[in-house]
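This is what each chain is made of:
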Amino acid sequence: MPLRRLSVVMIAAVTLVAAIGASLALGAVSIPLRDVIDALTGNLDPGPFKQIVTELRLPRTVDAILVGASLGVAGALLQGALGNPLASPDVIGVTGGAGFGAVLILLVFPGSIALLPVGALVFGLAAAAIVFAVAWSGESRGGIGKLILAGIGVQAFFFAATTATMVIYSDRVQSAVFWLAGGLVSEGWTNTEAVWPYFAVGLIAAAALMRPLDRLALGDDVAASLGARPRLIRLIACATAAVLASAAASLVGLLSFLGLVTPHLVRLAGGTPSHRYVVPVSALVGATILLVGDTLARVVAAPVELPVGPFMVALGVPLFLWLLRKTV
Amino acid sequence: MLEARGVQVTIGSKEILHSADLVANAGKLVAVVGPNGAGKSTLARAAGGLQRASAGSISWNGEPIERLRGRKLAKLRAFIPQRPRVPDGVRVQDAVTIGRSPHIGPFQRETKADRDAIERAMERAGVTQYADRLLTTLSGGELQRVQIAVALAQEAPALIADEPTSHLDLGASAAVARLLRDLADDGLAVVLVVHDLALATAVADEVVVVSDGRSVAAGPPLDVLTGACLADVWHVDAHLEAGDAGHTALHVAWLRDHR
């Protein structure tokens, strides 16, 4: 692997390890790193430190890594499959659907708050399913323009439904605002246990899609003449991205900016569009960005937690714009 | 090698191709010519398996195309599309590597043999000197040679090129024409869809004239592209002349209305 690509991987990996340490040690209460390690290896006596590390911060750290990796991969898959640099989970309707599913539970059925991740997941997938059903119909089935237009339509529909629900239940809107802004919570393993299979399936499918997506680079005709099935590959890649983005939304709310930006960062920094590089490194970089963002959001104004979504965007956009200006 | 008979193609509810024949053999270059919208590209795409035929028969080495799917077909014929995508950030070498993909399984890596084939394809198409350049920095002629290299990396015995010279200047067109002729002389079966009748006459062993969705004539260029044929199919008063070294000229009475 050329030095430039390797150094991007190394920098991201070192930052991620440092962020894992910081995420477990820092927060409203600072815990010495040695105690953190002892808590993880089971050598720390039961007490508040052990409880904070293993029951609050570890699940949150794992969630951040899973979600960051999944959003990075989802973005890389979508941008690759659609050949469009603007593609993100918004484009296939997932963000709108998941947002509506969450708001529905939060505002209309606040008694069933435990169903929040399920609601986001189910509606995110349902929105993507509608988009795919429309885009894979008729003469131009599987066409990129048709898919993107269907996605924008479905996205607009679910955003309208979300807004309408918030207006109708305006007295309860407070609880939905934080979720829509996007952010991690320290609530143990319950939600992670419910949705981890979706992450697993999505990430494994993404690994199998890397080479087929590379073969789409020269266009559908070339890919088809080489024996690939471009429309099928595109459908599977989009469906995989939908699963990953819906599962991510179910844990942290709406953070689709990460899915848009991460693959671009990887391509700009690594200097190659090959999916065999961009997909796995987007997982690494996405996980790193989200974990660093979440840790900073918890620490900067501790004990107050800033919402990680807006915080990350505020930090990430200048970096992104700087890279964009420098390279293109 | 390729034998297509009575090919009919319907796209949506519109019948684009009514009945067309196309035969290609090893070591021969056959040019498919005809007016805009006559169905030349559709015939080439159907023969190459990129467009499903609604009737007729298409076979490669005697095997019906319906039974040749995916990578099996990719090892029999390469296809150079009319308007290939030019992606950002992709280098010539990476693009030609994509052309090798029918030989590489889903979870395999490129072998030495694959890398050699990629090297040979770049050499043959004359793109080795810009192997490390980005596709987006190439001229139209250079890009077309890269497309030919992508096709050659497949190492298929037949090559179908859909209007490879339509956006090129005179020099670049001539270079592509010479390359395709040389490939036929090397033993490949070459199908060339082309507008330029002078170019077709110079390089082709045989031309197939497509008009209104039908193949209306086939044979050696000068036998087929007679003044009567040009008047019938293109509605012009014109005739072709040929000399040595592929020296050809198309004389057209541009200002005479021939309808």
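Conventions adopted
- Residues numbered from 1 in each chain as written.
- Chains lettered and ligands numbered in written order.
- Predicted model: local features only at pLDDT ≥ 70, side-chain atom pairs only at ≥ 80, totals over all residues.
- Helix = DSSP H or I, 4+ residues; strand = E, 2+ residues; numbered from the N terminus.
- Rg over C-alpha atoms; globule rule 2.2 N^0.38 Å.
- Buried ≥ 20, exposed ≤ 12 C-beta atoms within 10 Å, placed from the backbone.
- Contact = placed C-beta atoms within 7 Å.
- Pairing = 2+ DSSP bridges.
- Expected span 1.5 Å × (residues − 1).
- Bend = angle between axes of the 7 residues up to and from the residue.

**As for the overall build of chain A**
Counting its secondary structure elements, chain A contains 13 helices and zero strands. Relative to the compact-globule value of 20 Å for 328 residues, chain A shows a C-alpha radius of gyration of 20 Å, a close match. Projecting the C-alpha coordinates of chain A onto the three principal axes gives extents of approximately 65 × 55 × 35 Å. Counting over 328 residues, chain A shows a buried share of 52%. For chain A, the share of sequence-separated contacts (at least 6 apart) that also reach a separation of at least 24 residues comes to 77%.

**Some remarks on the interface of chain A and chain B**
Every contact between the two is made by 17 residues of chain A and, on the other side, 24 residues of chain B. Within the residue set of the side of chain A that touches chain B, elements represented by two or more residues are helix 8 (190-214) and helix 9 (220-225) of chain A. Here the side of chain A that touches chain B takes four residues from helix 9 of chain A, the largest share from any one element.

**Some words on the pairing of strand 12 (residues 248-252) of chain B**
All names here are of chain B. When strand 11 (residues 238-242) meets strand 12, the two strands line up antiparallel, connected through five bridges. The partner of Leu 240 across the bridge, within strand 12, is Leu 250. Adjacent in sequence and paired antiparallel, strand 11 and strand 12 are bridged by five residues, among which Ala 245 carries a positive phi angle near 50 degrees.

**Overview of the pairing of strand 6 (residues 77-80) of chain B**
All names here are of chain B. Where burial is concerned, the two faces of strand 6 agree: the one with Arg 77 and Phe 79 and the one with Ala 78 and Ile 80 are both buried. When strand 6 meets strand 7 (residues 158-162), the two strands line up parallel, connected through four bridges. What sits directly across from Ala 78, in strand 7, is Leu 159.

**Quick word on helix 12 (residues 275-299) of chain A**
Residues and elements named next belong to chain A. For helix 12, with 25 residues, the first-to-last C-alpha span of 35 Å sits near the 36 Å given by 1.5 Å per residue. Along its length, helix 12 shows its largest kink, about 25 degrees, at Ser 282. With 22 of 25 residues buried, helix 12 is to be regarded as a mostly interior element.

**Focus: the environment of Gly219(A)**
Assignment of secondary structure puts Gly219(A) in the loop between helix 8 and helix 9. According to the C-beta neighbour criterion, Gly219(A) is partly exposed, with 17 such atoms within 10 Å. Here the alpha-carbon distance between Gly219(A) and Pro230(A), two residues eleven residues apart in the chain, equals 8.6 Å. If we skip the residues at most four places from it in the chain, Gly219(A) touches Pro81(B), Pro84(B) and Arg85(B).

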